[in-house]
Amino acid sequence: MTWSYATHYSCDNCTERFELMQPLNTCPSCGGLLEIQYDLDRMKVELQPKLFDSREPSMWRWHEFYPLQDGTNVVSMGEGGTPLLPSVYVGKKLGLSKLYFKNDALMPTGSFKDRGFSLAVSFAKELGLSRGLTYSSGNAGASFAAYASRAGLDATVLVEYLANPIKKAIIGLYGAHTATLHFESMTDISAMLEQAVRDLGLYQFVNFINPTRHEAMKSYAYEISQALGWKAPDLMIHPVGTGGGIWGAWKGFCELKQLEWIDSLPKMVAVQPSATGPIVQAFKQGARHAEKHGDPTQTIAQSIAADAPIQGGRRVLNAIYDSGGFADVVTNEEIIEAVQWLGNEGICAEPASAASLAVLKRAVSNGFVQPDDCVVCVITGSGLKQPSVIQQAIAESQLKLNASFEDLNKLLTELWKETIRLEMIWCSNQAL
Ligand SMILES: *Cc1c(COP(=O)(O)O)cnc(C)c1O
Ligand SMILES: [Zn+2]
């Protein structure tokens, strides 16, 4: 049995190929982004979808689709395999019959970043690396720190000054070195890191600069397609910071289509905050290259506040154009409304993840989404990582109760606006 069908790295720019089992970040020849390639022809002959049904439900179920060569190097905490929840509230509200939430708030460190870091840290372990660096708006750093600790890798996380204190504390808790990172624009960070790769040979875990992280995001495509009975949704909506998540998912769907396990591809929809939105800006101009845009301090969606995507966001824009999808921005008010709506779905989402739902209301009224379209919104992270926004979204109840039966009876009568009888409770229980 072949554990991995990965074959080599190829460069986006100069198309040079590189041997896989070496710690490469960007292209050693031209500095372009590297992509891991697979022997899909052989996969088509040797693999079948039903092989995967009986495996353990983590993202490692799909190990043939990753670059890791040896299963004993897997560093896993049960990431991936999250539920695809059919909507019970928002779907009705917006008139959508097939709306789903892919709930990655359930991940080991509370965000979808765990998919990427489980793979990237496992791969670093396989290569025998002892140190690594990333910068983060919070979730990536937490995920990197946790997986690095389990792998015995010395992790350094540069935490953006905009990250809320709880996120920074969690990164420290998981045992990484941390420093608060000040910058004028994300372009400063990119320039700094690109030079660190060139001059220090430092191995980095930043999306796209690290070629393995977003390979794990392909697991979205596999899990969602499998849950829908080996069908792709019509639309997949993803909040976009660097764009590693949306690009990885798109790559996964394209692989499945090539393997003929699914017969259509979803439209990929990118969501960014109105305060920044460089990818959206480029998309609205029909451009293939995004420029720096906006002010990251003005959005509550910290995890997608990037004002300048890595290497002009070219891969992300290609995914949107090639899939026939679109990109749009959401305001803080729209995000807070989406956080409230998700509460009624039983989901506590961080503002950046609620952005994927926030865009839907406008997309429905603009006719970009049809009532019977199958739509998947990715819930990328837990609201518990940014609790102040939950407090802002929901007014605290002012009701008080002394622990006595009479008072309780009075309170419930007030809340339910009718006198309580035993059979009423029984009936409402039955209704559940
Ligand atoms: C990182 C992050 C994103 C954006 O992901 P990219 O892959 O950088 O585009 C979205 N939501 C949450 C909660 C995140 O932590
Ligand atoms: Zn190159």
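Looking up the chain in an unreviewed UniProt entry gives the name Threonine synthase, with the organism given as Paenibacillus anseongense. The Sequence similarities (unreviewed entry) comment attached to the chain in UniProt states, word for word, "Belongs to the threonine synthase family." Recorded under Cofactor (unreviewed entry), the UniProt text for the chain is reproduced unchanged: "pyridoxal 5'-phosphate".

Draft legend 1. Layout of the site of ligand 1. Surrounding ligand 1, one finds 17 residues, the nearest of these being Lys 113, Asn 139, Thr 242, Gly 243 and Thr 380. Between ligand 1 and Gly 244 there is a distance of 3.2 Å, counted from an oxygen atom to a backbone nitrogen or oxygen. In the model, a nitrogen atom of ligand 1 is placed 2.7 Å from a nitrogen or oxygen of the Thr 380 side chain. Considering ligand 1 on its own, with 380 Å² of exposed area, one finds that the protein chains cover 97% of that surface. Mapping ligand 1 onto the cavity grids shows that it belongs to the largest cavity. The residue makeup of the shell around ligand 1, split by class, is five nonpolar, ten polar and two charged.

Draft legend 2. Highlighting the nonpolar core. Judged by nonpolar contacts, the single largest core of 135 residues is most densely connected at Phe 65, Phe 101, Tyr 135, Phe 144, Phe 205, Ile 335 and Leu 360. With eight residues, helix α12 (residues 351–365) is the single largest residue contributor to this core. Those residues in contact with Phe 65 that sit more than four places away from it in its chain are Tyr 38, Met 43, Phe 52, Glu 215, Lys 218, Tyr 222, Glu 255, Leu 259 and Trp 261.

Draft legend 3. A look at the packing of aromatic side chains. Applying the stated criterion across every chain yields a total of 19 aromatic pairs. An aromatic cluster is present here, built from Phe 52, Trp 62, Phe 65, Tyr 222, Trp 230 and Trp 261 joined pairwise through their rings.

Draft legend 4. Fine view of the domain arrangement of the chain. Domain annotation of the chain identifies domain 1 (84–110 + 213–393) and domain 2 (402–432). The gap between the C-alpha centroids of domain 1 and domain 2 is 41 Å.

Draft legend 5. Representation of the pairing of strand β6 (residues 131–136). Taking burial as the measure, the six residues of β6 include five buried ones, the bulk of the element. Direction of pairing for β6 relative to strand β7 (residues 154–160): parallel, over a ladder of six bridges. Its bridge partner being in β7, Leu 133 is matched across the sheet by Thr 156. Assessed by its sense of winding, the connection that carries the chain from β6 through helix α4 (residues 139–151) to β7 is right-handed.

Draft legend 6. Up close: the sheet that holds strand β11 (residues 326–330). Taken in spatial order, the six strands make up an open sheet running β4-β5-β12-β9-β10-β11, and their pairing is mixed. For this open sheet the edge positions go to β4 (84–86) and β11, each flanked by a neighbour on one side alone. Shown here is a sheet whose adjacent strand axes are inclined to one another by a mean of 25°, direction ignored. By the bridge criterion, five bridges tie strand β10 (residues 267–273) to β11 in an arrangement that is parallel. Following the sheet pairing, Pro 273 is matched in β11 by Val 330. Contacts from helix α11 (residues 332–343) reach β5 (98–103), β11 and β12 (374–379), with the element oriented near 95° to β11.

Calculation criteria
- For every chain, the first residue of its written sequence is number 1, and the numbers climb from 1 along that sequence.
- Chain letters and ligand numbers both follow the written order, the letters beginning at A and the numbers at 1.
- It should be noted that, the model being predicted, local features are given only for residues of pLDDT at least 70 and side-chain atom pairs only at 80 or more, the latter also being counted only at that level, while totals for whole chains, interfaces and linings use all residues.
- Hydrogen atoms and water are omitted, and side-chain values are computed over all heavy atoms in the structure.
- UniProt positions are given in the numbering used here, feature names are shortened, and annotations may be inferred rather than shown by experiment.
- Residues are classed as near a molecule or strand on a simple rule: at least one heavy atom within 4 Å of it.
- Here a polar contact is taken to be a pair of N or O atoms separated by no more than 3.5 Å, where protein atoms must pair a possible hydrogen donor with a possible acceptor and residues adjacent in sequence count only if both atoms sit in side chains.
- Each accessible area is a Shrake-Rupley estimate made with a 1.4 Å probe; only the visible protein chains count as cover when residues are assessed.
- In this analysis, the protein atoms alone were mapped onto a 1 Å grid. Cavities are point sets where a 1.4 Å probe fits without being able to get out; pockets are open sets with protein on both sides within 12 Å along at least five of seven lines; lining residues have an atom within 4 Å of a point.
- To decide whether a molecule occupies a pocket or cavity, check its atoms: if more than half lie within 2 Å of the grid points, it is inside.
- When residues are sorted by character, Ala, Val, Leu, Ile, Met, Phe, Trp, Tyr, Cys and Pro go into the nonpolar class, Asp, Glu, Lys and Arg into the charged class, and all the rest, Gly among them, into the polar class.
- Side-chain atoms within 4.5 Å link the members of a nonpolar core, which is a set of buried Ala, Val, Leu, Ile, Met, Phe, Trp, Tyr and Cys residues.
- Per-residue accessibility, obtained with a 1.4 Å probe over protein chains only, is compared with the maximum for each type, and a residue is labelled buried under 20%, exposed over 50%, and partly exposed between these values.
- Segments assigned H or I by DSSP are reported as helices when at least four residues long, segments assigned E as strands when at least two residues long, and all are numbered from the N terminus.
- Only heavy atoms matter for contacts: two residues are in contact if any of them lie within 4.5 Å across the pair.
- Each aromatic pair joins two rings of Phe, Tyr and Trp (for Trp, the six-membered one) with centres within 6.5 Å, and gets the label stacked for planes under 30 degrees apart, edge-to-face for over 60, and tilted for any other angle.
- Each domain's extent is set by a domain assignment, obtained either automatically or from a database.
- In this scheme, strands are said to pair when DSSP sees at least two bridges between them.
- We call a crossover right-handed when, viewed with both strands directed away from the observer, the connection leading from the first strand over the helix to the second proceeds clockwise.
- Orientation is described by axes fitted as lines to C-alpha atoms, over the contacting stretch for helices, and by angles from 0 to 180 degrees between their N-to-C directions.

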